[in-house]
Amino acid sequence: MNRVLLVVSSAACLFGMDLRGADARQIVEESQKRQQSQSQRYEGVLEVTQATGKKSSKRWTYERNGAFGESKSLLRFVAPAEVKGVALLIVNHPDRASDQWMWTPELARDRRIALQDRSTRFFGTDFSFEDLEERDLNQNDYTLLGEEAMEGKPCWKIESKPKQTKSSQYAKVVTWIRQDIYVAVKMEMYAKNELVRRLEYRKIEKMQNIWTPLELEMADLKKKSKTILKTEKLEYNTTLKPDRFTLDALRRGE
Amino acid sequence: MKLLHLISWQYTRKHGLRTVLTMVGIVLGVAVFVGMHTANQSVLVAFHKTVNRIAGATELQITAGEPGFAEEILEKVQSIPEVRVAVPVIEASINPKLKTPGNILVLAVDMTGDSSLRDYDLDDGGEAVIDDPLIFLAQPDSLMVTREFAKANGLAINSKVSMETMQGPKTFTVRGIMKSGGLTSAFGGNLAVMDVYAAQKVFGRGRRFDRIDLALQEGIGVDVGRKKLEQILGPGFQVETPAARGKQFESLSSVYGMMANLTSLFALFIGMFIIYNSFAIAVTQRRKEIGILRALGATQGQIQTLFLIESAILGLFGSVAGVALGVLIARGMARGLGDFLGEIYGVAQRADELSTDTRLLAFSLALGVLTSLIAAWIPARSAARVDPVQALQKGRYQQLTTGENRVRAVAAVVFAALAIGLAMVGGGPFFFYGGYLSAVVAALMVTPWAAVWLSWMLRPLLRLIRPVEGALAVDSLIQSPRRTSGTVAALMLSLALVISLGGLTRASYDSLNQWMSVGLNPDLFLSPSQSISDRSYHFPAEIVDQVKAIDGVRTAQGVRTVRVNYRNEPIMIVTADVAAISGEAKLPATAGLHEDMYPKAAAGEGVILSDNLANLQKLKLGEMMELESPNGPLRLPIVGIVLDYSDQKGTVLIDRKVYMEKWKDDTYNVIRIYLKPGADVVTVRQALLERFSSGLKVFVFTNKDIRDYVVKITDQWFGLTYIQLAVAVLVAVLGIVNTLTVSITDRRRELGVLQAVGALRNQIRQTVWLEAIAIGLVGLALGLGLGAIALYYSLEFTARDFAGMRLEYKYPWAMAAFLLPVILGSALLAAIGPAESAVRGSLVEALEYE
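Residues numbered from 1 in each chain as written. Chains lettered and ligands numbered in written order. Predicted model: local features only at pLDDT ≥ 70, side-chain atom pairs only at ≥ 80, totals over all residues. Heavy atoms only, no water.

Moving on, we come to the overall build of chain A. Scanning chain A from N- to C-terminus turns up three helices and 13 strands. The buried share of chain A, reckoned over its 254 residues, is 59%. Across chain A, contacts joining residues at least 24 apart in sequence account for 48% of those joining residues at least 6 apart. (Helix = DSSP H or I, 4+ residues; strand = E, 2+ residues; numbered from the N terminus. Buried < 20%, exposed > 50% of the residue type's maximum accessible area, 1.4 Å probe, protein only. Contact = heavy atoms within 4.5 Å.)

The next subject is the overall build of chain B. Secondary structure assignment for chain B yields 28 helices and 21 strands. Here chain B holds 850 residues, and 58% of them are scored as buried. Long-range pairs, those at least 24 residues apart, make up 82% of the contacts in chain B between residues at least 6 apart in sequence. As presented, chain B carries roughly 33,600 Å² of accessible surface, and 61% of it is formed by carbon and sulfur atoms. (Areas by Shrake-Rupley, 256 points an atom, 1.4 Å probe, with all protein chains shown as cover.)

Moving on, we get to the pairing of strand β9 (residues 172–178) of chain A. Residue and element names in this part refer to chain A. Counted residue by residue, β9 has six buried out of seven residues, so it is predominantly covered. Taken together, the six bridges between strand β8 (residues 153–162) and β9 define a ladder with antiparallel strand orientation. Each residue of the ladder has a partner; that of I158, found in β9, is T175. Relative to strand β10 (residues 184–191), β9 is paired through six bridges, and the arrangement is antiparallel. When the sheet's bridge partners are listed, K172 is paired in β10 with Y190. Where β9 folds back onto β10 in an antiparallel hairpin, the turn is made up of five residues, including Y182, whose phi is positive at roughly 60 degrees. (Pairing = 2+ DSSP bridges.)

So, about the environment of A585 of chain B. Residues and elements named next belong to chain B. Following the sequence through the fold, A585 ends up in the loop between α19 (578–584) and β15 (589–591). For A585, a relative accessible area of 8% corresponds to the buried category. The residues contacting A585, other than those within four sequence positions of it, are V518, G519, N521, Y598, R672 and Y674.

All right, on to the nonpolar core then. Ranked by size, the top nonpolar core spans 95 residues in total, and within it W515, Y598 and I608 of chain B carry the most contacts. Element by element, the count of residues in this core is highest for helix α17 (residues 481–519) of chain B, at 17 residues. In this structure Y598 of chain B touches V578, S582, A585, K586, L587, I608, V642 and L653 of chain B, once residues within four positions along its chain are discounted. In this structure, M189 and Y236 of chain A together with L134 and F136 of chain B belong to the second largest nonpolar core, which totals 45 residues. (Core = buried A, V, L, I, M, F, W, Y, C linked by side-chain atoms within 4.5 Å.)

Our focus in this paragraph is the pairing of strand β13 (residues 225–236) of chain A. The two faces of a sheet get side chains in turn, since along a regular strand they alternate between them. Residues and elements named next belong to chain A. Direction of pairing for strand β1 (residues 39–49) relative to β13: antiparallel, over a ladder of nine bridges. Its bridge partner being in β13, V45 is matched across the sheet by K230. From the end of strand β12 (residues 210–220) to the start of β13, which pair antiparallel, there are four residues, and K224 there has a positive phi angle of about 60 degrees.

Now for the interface of chain A and chain B. A common way to express how large an interface is: the accessible area buried when the components associate. Each side of the interface is counted separately: chain A has 27 residues, and chain B has 31 residues. In this assembly, chain A packs against chain B so that about 2,500 Å² is buried in total across both faces, 53% of it on carbon and sulfur atoms. Its largest share of buried area at the contact with chain B, chain A owes to R109, R111 and Q116 of chain A, together 26% of the area lost on that side. Joining chain A to chain B, the criterion identifies four salt bridges. For R112 of chain A, the salt bridge goes to E75 of chain B, with nearest N and O atoms at 4.0 Å. Summed over the shared surface of chain A and chain B, the number is five residue pairs in polar contact (both at pLDDT 80 or more). No other element matches strand β6 (residues 109–113) of chain A, which puts four residues into the side of chain A that touches chain B. Here the residues of the side of chain A that touches chain B sort into nine nonpolar, seven polar and 11 charged. (Buried area = accessible area lost by both parts, 1.4 Å probe. Salt bridge = Lys/Arg side-chain N within 4 Å of Asp/Glu carboxyl O. Polar contact = N/O pair within 3.5 Å; in protein donor to acceptor, adjacent residues only side chain to side chain. Nonpolar A, V, L, I, M, F, W, Y, C, P; charged D, E, K, R; others polar.)

Note that S500 of chain B resides in helix α17. In contact with S500 of chain B, not counting residues within four places along its chain, are G787, A790, L791 and S794 of chain B.

Taken as a whole and assessed by the stated rule, the structure comprises 44 salt bridges over all chains. In this structure, the salt-bridge partner of E29 of chain A is R25 of chain A, at a minimum N-O distance of 3.2 Å. Taken together, the positions of E29 of chain A and R25 of chain A, both in helix α2 (residues 24–35) and four residues apart, correspond to about one turn of that helix. Among the residues examined, E29 of chain A registers a relative accessible area of 38% and is labelled partly exposed. Across the pair K600 of chain B and D596 of chain B runs a salt bridge, and its minimum N-O distance is 3.4 Å. Placement of both K600 of chain B and D596 of chain B in helix α20 (residues 594–602) is noted, with a separation of four residues, approximately one turn of the helix.

This part takes up α2 of chain A. End to end, α2 of chain A covers 17 Å across 12 residues, agreeing with the expected 16 Å (1.5 Å per residue, within 8%). The set of residues buried in α2 of chain A consists of A24, I27, V28, E30, S31, Q32 and Q35 of chain A. (Expected span 1.5 Å × (residues − 1).)

Right, let's talk about helix α22 (residues 656–663) of chain B for a bit. Residue and element names in this part refer to chain B. When we look at burial in α22, the residues that qualify are R656, V658, Y659, K662 and W663. Down the axis, α22 shows its buried residues gathered within 160 degrees of arc, on one side only. Exposed and facing more than 90 degrees away from the buried side of α22 are K657 and E661. With its phi angle positive at about 50 degrees, K664 sits one or two positions after the end of α22. (Arc of directions from axis to C-beta.)

Each packed pair of helices is defined by two parameters, the angle between the axes and the distance between the axes. Residues and elements named next belong to chain B. Contact geometry for helix α15 (residues 429–465) and helix α16 (residues 467–479): axes closest at 7 Å, N-to-C directions at 170 degrees. Looking at the two axes, α15 sits roughly antiparallel to α16. Contact residues: V452, S455, W456, R459, L462, R463 and I465 in α15; P467, G470, A471, V474, D475, L477 and I478 in α16. Its residues placed into classes, the contact of α15 with α16 shows nine nonpolar, two polar and three charged. (Axes fitted to C-alpha atoms, helices over the stretch in contact; angles between N-to-C directions. Parallel < 35°, antiparallel > 145°, perpendicular 65-115°, else oblique.)

The next thing to look at is the environment of I744 of chain B. As for its position among the elements, I744 of chain B is in helix α24 (residues 703–746). The spacing of I744 of chain B and A838 of chain B is 94 residues in sequence and 6.0 Å in space, taken between C-alpha atoms.

All names here are of chain B. On the surface, a nonpolar cluster with roughly 570 Å² of combined accessible area is contributed by V446, W449, W453, W456 and M457. Relative to the helices and strands, V446 resides in helix α15. For V446, a relative accessible area of 30% corresponds to the partly exposed category. (Patch = residues over 30% accessible without salt bridge, like charges linked within 9 Å, V, L, I, M, F, W, Y side chains within 5 Å.)

Let us look at the packing of aromatic side chains. Ring pairs (aromatic) are described by centroid distance and by the angle formed between their planes. All names here are of chain B. All told, the structure shown has 18 aromatic pairs over all chains when counted by the stated rule. Measuring from centroid to centroid gives 5.6 Å for F432 and Y793, while their planes differ by 55 degrees, and the two rings are tilted. Here Y793 lies in helix α26 (residues 761–802) and F432 lies in helix α15, a separation of 361 residues in the sequence. Like F432, the residue Y793 is buried in the burial classification. Consider the rings of W515 and Y645, whose centres lie 6.4 Å apart with planes at 85 degrees: the pair is edge-to-face. Of this pair, W515 sits in helix α17 while Y645 sits in the loop between β18 (634–642) and β19 (651–655); the two residues are 130 residues apart in sequence, bridging distant segments of the chain. Each member of the pair, W515 as well as Y645, carries the same accessibility label: buried. (Phe/Tyr/Trp six-rings, centres within 6.5 Å; stacked < 30°, edge-to-face > 60°.)

Attention shifts here to the environment of M333 of chain B. Examined against the element boundaries, M333 of chain B turns out to sit in helix α11 (residues 300–345). Counting along the chain gives 294 residues from M333 of chain B to A39 of chain B, while the straight-line C-alpha distance between them is 5.6 Å.

What follows concerns unusual backbone geometry. For residues besides glycine, phi is generally negative; the peptide bonds are generally trans as well. All names here are of chain A. A cis amide bond links A79 to the next residue, P80, at an omega of 0 degrees. By the element assignment, P80 lies in the loop between β3 (72–79) and β4 (87–91). The backbone of Q208 shows a phi angle near 45 degrees, a positive value even though the residue is not glycine. With respect to the helices and strands, the residue Q208 is situated in the loop between β11 (194–207) and β12. Look at N209: it is not a glycine, yet its phi comes out positive at around 70 degrees. Structurally, N209 can be placed in the loop between β11 and β12.

Structure, rendered in structure tokens:
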């Protein structure tokens with residue numbers, strides 16, 4: 001699994017299960033299983049710090065319906081006023097890349113985010129559209145590189161490489177997983193052999209029995225900028241109407 | 001070299017003024033050639049640069065003519081495995097009315113994926129060029145401008161810029177400033193980038209794109225990718241590399257290039273006669289020198305080479321000066337051409353940098369030298385054949401021998417017969433241009449004889465004016481046909497050109513007026529752009545009903561004009577409700593019947609072509625016309641051919657239903673409005689402006705506005721012709737100055753004798769003046785005659801190869817009448833200098849001459 005998931009649940013559900021000594025794939029598979037939830041909702045704050053030190057901040061609400069691999073997510077910006085109402089609908093598929101549509105209320109129209117555009121930056125943040133996707137773990141090959149402590153906690157260091165059939169901007173992703181709670185604490189993404197992005201998970205807390213990082217920091221090492229995502233009011237397994245996750249609903253601004 | 005220094009240089013130094021005047025023909029010819037071609041080249045290079053800079057990493061571009069295509073095509077293209085990235089594009093040229101004069105190019109793209117193709121942030125890893133990409137996308141008023149443009153107009157992030165939109169003038173916000181280099185230097189830096197979906201609204205494009213720019217997967221060749229895309233998209237789409245896109249623009253500006261060639265060739269042709277004349281005179285004047293050289297052992301070859309080298313040097317100096325002058329005038333011409341193409345075709349382009357092509361300059365130099373060499377060939381040959389014994393004897397050598405006259409007469413008859421024969425055979429270009437050339441050669445052959453004959457005819461008239469001076473002046477011409485014939489020929493050719501172009505201009509204006517009175521008969525025109533030829537903005541379909549509902553409007557007809565490719569030529573589709581249009585205006589038919597063609601076209605059972613399209617594409621009534629569209633080919637028979645001068649490349653009238661079905665485009669770019677009887681144009685115009693003032697961008701033109709606009713465009717077009725006319729007349733007048741200068745020098749002894757036997761200075765002066773007037777009159781008579789033939793060929797050429805337009809033959813008598821005082825006045829002016837030199841010279845020196 002090479003995908004870095006922007007949404008907190010995704011980061012948590014990557015890994016799980018007590019599999020010390022097991023192979024890398026099993027670790028990842030169990031991690032997914034442990035982090036599974038039927039739905040999720042939170043409010044997020046995005047803070048982008050450019051190389052010059054200039055900062056900008058945005059707020060959004062995030063909702064996910066459905067379990068990992070076949071979920072549908074809706075991300076809607078609520079502040080500042082200029083971007084209020086801009087929304088992104090992500091329909092994930094277990095066997096292929098997700099479908100993504102963006103809604104801009106001022107133009108009153110949606111646009112499809114093409115598969116080819118997934119490597120581009122997600123609206124000026126240091127995440128890419130690809131980083132928002134959930135993908136089938138069968139599309140990657142995993143290698144256990146060894147064990148390494150992160151902030152005093154023993155971690156597995158796992159390398160994932162996309163299989164030939166899958167297209168990704170990343171040649172490989174190296175992930176550090178805490179062995180005690182099976183949650184990723186750090187990811188490093190490589191394009192060809194160059195480290196291009198680093199994602200760190202912080203403030204890991206148990207929320208409704210799921211270990212969840214409440215703060216993520218993505219650094220773009222080429223642009224020397226970083227984006228911090230803070231989550232608030234996080235809820236798992238909440239009731240969400242399925243018809244909220246459709247293109248029509250997106251257009252209605254629901 | 002020694003001979004050159006001893007003989008030629010001394011002669012040239014002695015006749016400095018004449019040498020300069022002889023060179024001027026070459027200077028002007030080369031200057032016009034270099035100027036017009038450099039201007040054309042600069043505009044083309046600027047266009048290519050803009051295309052390339054905007055293209056960025058784009059490998060292929062997909063277009064479907066001006067109407068563009070539906071958004072769905074984008075997904076189709078993006079799903080092709082060979083395509084790595086495909087992004088939609090809308091391009092428009094608008095005038096934001098800022099400090100920077102002229103238009104800016106608006107490049108509308110989908111910023112989510114476009115950075116894969118175009119580099120907006122040019123400093124690696126530096127600050128993002130857009131202040132906030134999400135706000136840029138979320139706010140449809142977002143603009144990104146170049147640093148140069150921002151600086152020139154005092155713009156910064158969050159500055160406001162007012163732009164016309166389909167919803168009326170709107171304020172846009174600068175949300176990004178692109179750093180210098182690459183993309184930002186396109187269109188001279190006058191570039192703004194906006195979101196493609198916002199642009200659809202701003203320019204009224206509906207859910208359509210102009211173009212898709214794409215890059216292929218690694219390892220996929222451009223040819224492979226293109227073939228795959230063509231196969232999937234079908235023939236209604238053009239899949240081309242960005243470089244190939246320039247071809248259409250080249251095609252549009254090719255008419256101008258042709259005009260440039262014609263103008264400069266005419267100037268050079270006339271210049272050639274002046275050189276011929278000067279060298280013929282020089283050979284006569286230098287017979288003594290030649291005789292001495294021959295007596296001292298110089299071979300015929302050496303003499304001929306000497307004269308040819310002289311002419312080559314003259315040609316070289318003239319060409320160098322011509323090139324320099326051409327480059328100087330090119331900048332102004334480039335600006336004019338850019339505006340002109342924008343006005344006529346709605347394709348805006350700025351040529352802020354002059355693009356000088358060294359090959360063009362080298363070619364121009366060679367052309368000038370070659371012209372000079374050709375012109376000097378016959379005089380050089382006669383110099384070589386000079387008999388040393390005869391040459392050393394004094395006497396007159398300006399007469400033509402009986403043998404020469406006979407040869408010329410026979411040649412004239414042969415060429416005239418050939419011209420008539422070829423004109424009667426007609427058909428292919430060989431016969432046509434061969435016929436034209438034969439007619440000109442016949443006229444040139446007959447010139448010396450005709451000049452003498454006309455001079456005899458003039459003798460009584462001039463004697464009537466001034467008995468002594470008149471007779472002397474005419475006798476000088478009669479006795480020296482060799483000296484005069486070159487100038488007369490040059491004047492004849494110039495005037496023939498003036499008459500043919502004048503006739504063509506008049507015929508064009510007459511035809512346009514006829515067409516306007518029939519085709520452009522609505523009372524008002526509603527346009528979304530300030531310029532009626534600009535097709536950047538479109539009206540929505542519902543506007544026609546909204547216009548019809550306005551008080552005073554009897555009926556309104558929506559028209560959509562789009563340029564599409566037909567046999568690699570950008571022709572114009574005119575689409576409208578044919579039944580409604582034909583109810584108000586039926587253009588004169590050249591093939592087919594009105595009562596047959598319009599109902600068929602209205603029923604979608606045929607198309608009506610403009611006469612010029614039919615001529616240019618060799619299409620005939622009843623033939624099947626096939627136009628490629630994004631939704632499959634449109635095959636319809638040609639049910640009529642009409643006189644329509646809307647477009648130089650030709651128009652095809654298609655009913656709106658058919659067009660919408662094939663192009664899926666329901667927009668309009670002009671609404672033709674007819675008023676109820678008694679309705680006031682000003683009141684309805686005001687009502688229209690008020691009706692749409694808040695919701696839609698509209699410009700209302702009265703019938704007179706449109707007619708004035710057409711006349712303005714035509715004036716602009718014929719502005720180029722006037723350059724031709726001016727060059728032709730100027731070169732011809734210079735020829736007169738040259739001939740008279742030579743005549744004075746040649747007759748110094750004669751004039752000296754006249755003064756010695758008591759002739760007054762004024763009499764000498766008047767003799768020279770009258771000689772100039774005689775040359776002018778003879779040239780006028782021959783020129784106006786040859787002009788009648790040239791006009792026939794010009795009209796044929798226009799119909800066959802230029803614009804396909806068949807224009808009525810009408811001899812421009814007014815122009816001929818205008819030329820009479822102009823040429824006689826010019827001749828008189830040209831005579832002032834030589835006349836003064838004739839009376840101010842030393843009498844002793846004059847008597848010692850020869």
